Amino acid sequence: MHNLYSYILSKKAKGLKQLAVLIDPDKINYRLIDLSKKNGVDHLLIGGSIVTESNITICIQEIKKRCSIPVTIFPGSYLQLSNEADAFLLLSLISGRNPELLIGNHVMAAQSLKKSKLEIIPTGYILIDAGESTAVQYISNTMPIPANKPEIAVATAIAGELLGLKLIYLEAGSGALHPVNECIIKSVRKAIDLPIIVGGGINNSTKVKNALNAGADMIVIGNALEQNENHIIEFAEVVHKMNKKL
Ligand code: 1GP
C-alpha cells in the first residue's frame, strides 16, 4: 500500500493528532482490536522487547480479519518481520551507542526488508529516562537521555533529521513510571519538522492530553490497554476532541 507515511504527514500538516495502539503479539486481545476500530484508532503497532510464544504473522492475519486499521511492525528485534503488515518502523536507537541497534541489525534484516512488500519507515528511536530502569534499556544495553537534559534530546533529534530519518520516536519505555516530559517534547517539537511519536507510560487521559499539547503528533499506548482495554474509549475521545477544535 506504501502510503502510511504520507498519511502521517498529511494528518500532521492539518494539525491532526494520531492515536496508535501497541499490541504485544504474546498478549493479543481481540476486544481491544474491536474497540480500536469502533473508536477511530489510527494505527496498530505490533511488536515487543521479547516475543516468546506468538507467531507475528498469524496475529496480524487475525487483526486484518477484524479491521482495516493499518498495522505497523514496531520491532523488538529484526526477527519480528512479517509480510502481512503494512509498514515496518526501521528503528535506529540514536540515543544509544550500541552499534547493533544503529546499523548491525539493519544489515542483518536488509535483504528480507528489501524483498518484502512492507513500507519501510526509517525512524530515530530516542530513549528518555523514565525514573526507573525499563525493559528497553536493559535489552538494548543503552543509557537513556536524562529527563532533565532537553538539549541532548534536541541535538539527537536534529541529528536524526539530518541523517534523513522520517520519524522521531520519543520513548520512555513500556510501562514507564513517568512518560516523556512535556519540556522534552516541546523542545524537540520546536527544533525539528519531522512527525514526533511519543510513547511509554501514557496511562491516563491527562498524560494523553499533555503529550499531544506539548507537540506529539502521535501517541502510542500499550500497557494501560493491556490492563484495561476500555481505556481506549476515553483516550480516543481526548484525541478526537482535540482534533475537532481545529
Ligand atoms: C512502548 O511506547 C510504547 O514501546 C508504549 O508504552 O506500554 O507504557 O504504553 P506503554
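Please refer to the structure placed before this passage.
Caption draft 1: The arrangement of the overall build of the protein chain in detail. For the protein chain, the count of helices and strands is 10 helices and 8 strands. Relative to the compact-globule value of 18 Å for 246 residues, the protein chain shows a C-alpha radius of gyration of 16 Å, a close match. Counting every position in the protein chain, which comprises 246 residues, the buried fraction comes to 52%. Long-range contacts, defined here as pairs at least 24 residues apart, represent 69% of the contacts in the protein chain between residues at least 6 apart. Summed over its atoms, the accessible surface of the protein chain is roughly 11,400 Å², and 54% of this surface lies on carbon and sulfur atoms. Across the protein chain, the mean location of the 25 positive side-chain charges is 7 Å away from that of the 22 negative side-chain charges.

Caption draft 2: A look at the pairing of strand E2 (residues 43-46). The two faces of E2 match: His43 and Leu45 on one face and Leu44 and Ile46 on the other face are all buried. As defined by bridge partners, strand E1 (residues 18-23) adjoins E2 across 4 bridges and the pair is classed as parallel. Paired with Ala20 across the bridge in E2 is His43. One crossover worth recording links E1 to the parallel E2 by way of helix H2 (residues 30-38), and it is right-handed.

Rules and cut-offs
- Residues numbered from 1 in each chain as written.
- Predicted model: local features only at pLDDT ≥ 70, side-chain atom pairs only at ≥ 80, totals over all residues.
- Heavy atoms only, no water.
- Helix = DSSP H or I, 4+ residues; strand = E, 2+ residues; numbered from the N terminus.
- Rg over C-alpha atoms; globule rule 2.2 N^0.38 Å.
- Buried < 20%, exposed > 50% of the residue type's maximum accessible area, 1.4 Å probe, protein only.
- Contact = heavy atoms within 4.5 Å.
- Areas by Shrake-Rupley, 256 points an atom, 1.4 Å probe, with all protein chains shown as cover.
- Lys, Arg positive; Asp, Glu negative; His and termini not counted.
- Charge placed at Lys NZ, Arg CZ, Asp CG, Glu CD.
- Pairing = 2+ DSSP bridges.
- Right-handed = clockwise from strand over helix to strand, strands pointing away.

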